[in-house]
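Here's the letter readout for the chains.
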Amino acid sequence: MALDVFEEEYNHVVDIHAFGICVLEMVTCEYRFSECTHVAQIYKKVTSGKRLDALYKVKDPEVQQFIEKYLAAAPASLSAK
């Protein structure tokens, strides 16, 4: 979940982040935050800005870098243009 959603200020950047999450889930065959047992843990992870645990399971550095570009926080994230 993008931090923007928790802050209730979202735009196209949330869609870019969601694409990165989709790619991550397809590569790892796992849901993001699968290590969390309740919503408070997810909120804490998202707001702290820590890397998703699933990123450590991506073995190919190029694929990992590709995914990280889409998961970067705004304004560092990619443009939709």
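Conventions and cut-offs
Residues numbered from 1 in each chain as written. Predicted model: local features only at pLDDT ≥ 70, side-chain atom pairs only at ≥ 80, totals over all residues. Heavy atoms only, no water. Helix = DSSP H or I, 4+ residues; strand = E, 2+ residues; numbered from the N terminus. Buried < 20%, exposed > 50% of the residue type's maximum accessible area, 1.4 Å probe, protein only. Contact = heavy atoms within 4.5 Å. Areas by Shrake-Rupley, 256 points an atom, 1.4 Å probe, with all protein chains shown as cover. Core = buried A, V, L, I, M, F, W, Y, C linked by side-chain atoms within 4.5 Å. Salt bridge = Lys/Arg side-chain N within 4 Å of Asp/Glu carboxyl O. Axes fitted to C-alpha atoms, helices over the stretch in contact; angles between N-to-C directions. Parallel < 35°, antiparallel > 145°, perpendicular 65-115°, else oblique. Left-handed = near helix turned anticlockwise from the far one by under 90°.

Draft legend 1. Spatial organisation of the overall build of the protein. A count of helices and strands for the protein gives four helices and zero strands. In sequence order, the secondary structure elements of the protein are arranged as α-α-α-α. Across the 81 residues of the protein, 30% fall into the buried class. Look at the contacts in the protein between residues 6 or more apart in sequence, and 52% of them connect residues 24 or more apart. Looking at the protein as shown, the accessible area adds up to about 5,800 Å², and 57% of this sits on carbon and sulfur atoms.

Draft legend 2. Focus on the nonpolar core. Formed by Ile 21, Val 23, Leu 24, Phe 33, Cys 36, Val 46, Leu 52, Ala 54, Leu 55, Val 58, Ile 67 and Leu 71, the largest nonpolar core amounts to 12 residues. Per element, the largest residue contribution to this core is three residues, and it comes from helix α2 (residues 12-28). The contact partners of Leu 55, leaving out residues within four places of it in the chain, are Leu 24, Gln 64, Ile 67, Glu 68 and Leu 71.

Draft legend 3. Layout of the environment of Cys 22. Note on placement: Cys 22 falls in helix α2. Put simply, Cys 22 and Ile 67 are 45 residues apart on the chain and 9.3 Å apart in space, counted from C-alpha to C-alpha.

Draft legend 4. Broad picture of the pattern of salt bridges. In total, this model carries five salt bridges according to the counting rule given. Its salt-bridge partner being Glu 30, residue Lys 57 comes within 2.8 Å of it at the nearest N-O pair. Of the two residues, Lys 57 is situated in the loop between α3 (39-48) and α4 (61-71) and Glu 30 in the loop between α2 and α3; the sequence distance between them amounts to 27 residues. Assessed through its relative accessible area of 44%, Lys 57 is described here as partly exposed. By relative accessible area, which is 26% here, Glu 30 ends up partly exposed.

Draft legend 5. Broad picture of the packing of α2 against α4. Running from N to C, α2 and α4 point in directions that differ by 150°, and their axes come no closer than 7 Å. Classified by the angle their axes make, α2 and α4 are roughly antiparallel. Considering the relative orientation of α2 and α4, their crossing is left-handed. Residues Ile 16, His 17, Phe 19, Gly 20, Ile 21, Val 23, Leu 24 and Val 27 of α2 lie in contact with α4, whose contacting residues are Val 63, Phe 66, Ile 67, Tyr 70 and Leu 71.

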